[in-house]
Amino acid sequence: MVKETAFLHQAGESHQLRSPSMKSIPALSVLLSLSLGLPAGAQPAGAQPAAPFWQKTWTVTAIEGATTQDRALLSSAIGLQVVMKADALTDPFAEDCTHALSYDDIKSRPVADLGQHFGGSWKWPAFPQPQATYGWIRCDGSNVGAFAFVDAQKAYLFYEAGAVLVLK
């Protein structure tokens, strides 16, 4: 098999390119980035970074915590959806937010610190790992929702009166 060789010249440097093979594709992508004037690993202008795993539509599947009476009152919430987008939050349990929305507080943190972060109003569900992604969603500077994300398939919304809404 004959390999074709070419040279890429940029700012006085030469980079040898061989016909793409499985081993040379990562190198080729770095060289392509360099030829476009981008740092290695950077995305071209206009390319959208991937949304966080938790930024999606979540459906309430169960109610935990709270009293039996409060859970019964909230049973109609099962099936409702919370939609988290980069620029909008649709939340049937609080006001929707399309202005001054902030997800900045949602970060990976120790599960042991849930009570310190959110307060002691809830019975904390069990998490399979010692770290979880959680925090307040803010709208116009006010906290509008306390969320904890177990993974991309399960989350919790800590609601009023100690109720914990299970989201999938």
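The coordinates are above.
Everything numeric in this text was worked out from a predicted model, so none of it was measured.

Concerning the side chain of Asp105
Here is step 1 of the chain: Mapped onto the elements, Asp105 comes out in the loop between β6 (101-102) and β7 (107-110).
Here is step 2 of the chain: Overall, Asp105 belongs to the buried group, its relative accessible area being 10%.
Here is step 3 of the chain: Excluding residues that lie within four positions of it along the chain, Asp105 makes contacts with His117, Tyr134, Gly135, Trp136 and Arg138.

Re the nonpolar core
The nonpolar side chains of a soluble globular protein tend to be buried with one another.
Here is step 1 of the chain: Ranked by internal contacts, the top residues of the largest apolar core, which has 25 residues, are Met84, Leu89 and Ile137.
Here is step 2 of the chain: Aside from chain neighbours lying at most four places away, what touches Ile137 is Met84, Leu89, Leu101, Ser102, Tyr103, Ile106, Ser142, Asn143, Val144, Gly145 and Phe147.

A short note on the state of the cysteines
Here is step 1 of the chain: Enumeration over the complete set of coordinates arrives at 1 disulfide.
Here is step 2 of the chain: Here Cys97 pairs with Cys139 through a disulfide, and the sulfurs are 2.1 Å apart. Taking the torsion about the S-S bond as the criterion, the Cys97 to Cys139 disulfide, at about 90 degrees, is right-handed. One end of the pair, Cys97, is in the loop between β5 (89-90) and β6; the other, Cys139, is in strand β8 (residues 131-139), and 42 residues separate them in sequence.
Here is step 3 of the chain: According to the relative accessible area criterion, Cys97 is buried, its value standing at 0%.

Quick look at the packing of aromatic side chains
Here is step 1 of the chain: With the rule as written, the count across this model stands at 15 aromatic pairs.
Here is step 2 of the chain: Arranged with centres 5.5 Å apart and planes meeting at 25 degrees, the rings of Trp54 and Phe149 form a pair that is stacked. Here Phe149 lies in strand β9 (residues 142-151) and Trp54 lies in the loop between α1 (25-35) and β3 (57-65), a separation of 95 residues in the sequence.
Here is step 3 of the chain: Judged by centre distance (5.0 Å) and plane angle (80 degrees), the rings of Trp124 and Phe158 are edge-to-face. Taken together, the residues span a long stretch of sequence, with Trp124 in the loop between α3 (114-118) and β8 and Phe158 in strand β10 (residues 154-158) at a distance of 34 residues.
Here is step 4 of the chain: A relative accessible area of 26% places Trp124 in the partly exposed class.
Here is step 5 of the chain: Assessed through its relative accessible area of 4%, Phe158 is described here as buried.

Here's the deal with the environment of Gly162
Here is step 1 of the chain: Here Gly162 shows up in the loop between β10 and β11 (163-167).
Here is step 2 of the chain: Overall, Gly162 belongs to the buried group, its relative accessible area being 9%.
Here is step 3 of the chain: In sequence terms Gly162 and Ala66 are 96 residues apart; their C-alpha atoms lie 4.6 Å from each other.

Thoughts on the pairing of β10
Here is step 1 of the chain: The buried fraction of β10 is high, at 4 of 5 residues.
Here is step 2 of the chain: Bridging between β9 and β10 involves 5 bridges; their strand directions are antiparallel. What sits directly across from Phe149, in β10, is Ala155.
Here is step 3 of the chain: Following β9, the chain reverses through 2 residues before pairing antiparallel with β10.
Here is step 4 of the chain: The turn linking β10 back onto β11 is made up of 4 residues, and Ala161 within it adopts a positive phi angle of 55 degrees.

Quick look at the environment of Lys85
Here is step 1 of the chain: Tracing the backbone through its elements, the reader meets Lys85 in the loop between β4 (81-84) and β5.
Here is step 2 of the chain: On the basis of relative accessible area, Lys85 is assigned to the partly exposed category, the value being 49%.
Here is step 3 of the chain: Taking the C-alpha atoms as reference points, Lys85 and Trp54, separated by 31 residues in sequence, lie 9.4 Å from one another.
Here is step 4 of the chain: With residues up to four places along the chain from it excluded, the contact list for Lys85 reads Gln55, Leu101 and Tyr103.

The rules behind each value
Throughout, a residue's number is its position along its own chain's written sequence, starting from 1. This being a predicted model, a pLDDT of at least 70 is required before a residue's local features are given, and a value of 80 or more before pairs of side-chain atoms are given or counted; all residues contribute to the totals for chains, interfaces and linings. The side-chain figures draw on all heavy atoms in the structure; neither hydrogens nor water molecules are used. The secondary structure listing takes helices from DSSP runs of H or I that are at least 4 residues long and strands from runs of E that are at least 2 residues long, numbered from the N terminus. Accessibility here uses a 1.4 Å probe with only protein chains present; expressed as a share of the type maximum, an area under 20% marks a residue as buried, one over 50% as exposed, and anything in between as partly exposed. We call two residues contacting when some pair of their heavy atoms lies within 4.5 Å. Each nonpolar core is a collection of buried residues, namely Ala, Val, Leu, Ile, Met, Phe, Trp, Tyr and Cys, held together in the definition by side-chain atoms within 4.5 Å. Throughout, disulfides are identified as pairs of cysteine sulfur atoms within 2.5 Å of each other. Think of it this way: a Phe, Tyr or Trp ring, Trp meaning its six-membered ring, pairs with another when their centres are within 6.5 Å, and the plane angle makes it stacked under 30 degrees, edge-to-face over 60, tilted otherwise. Being paired, for any two strands, means DSSP has found at least two bridges between them.

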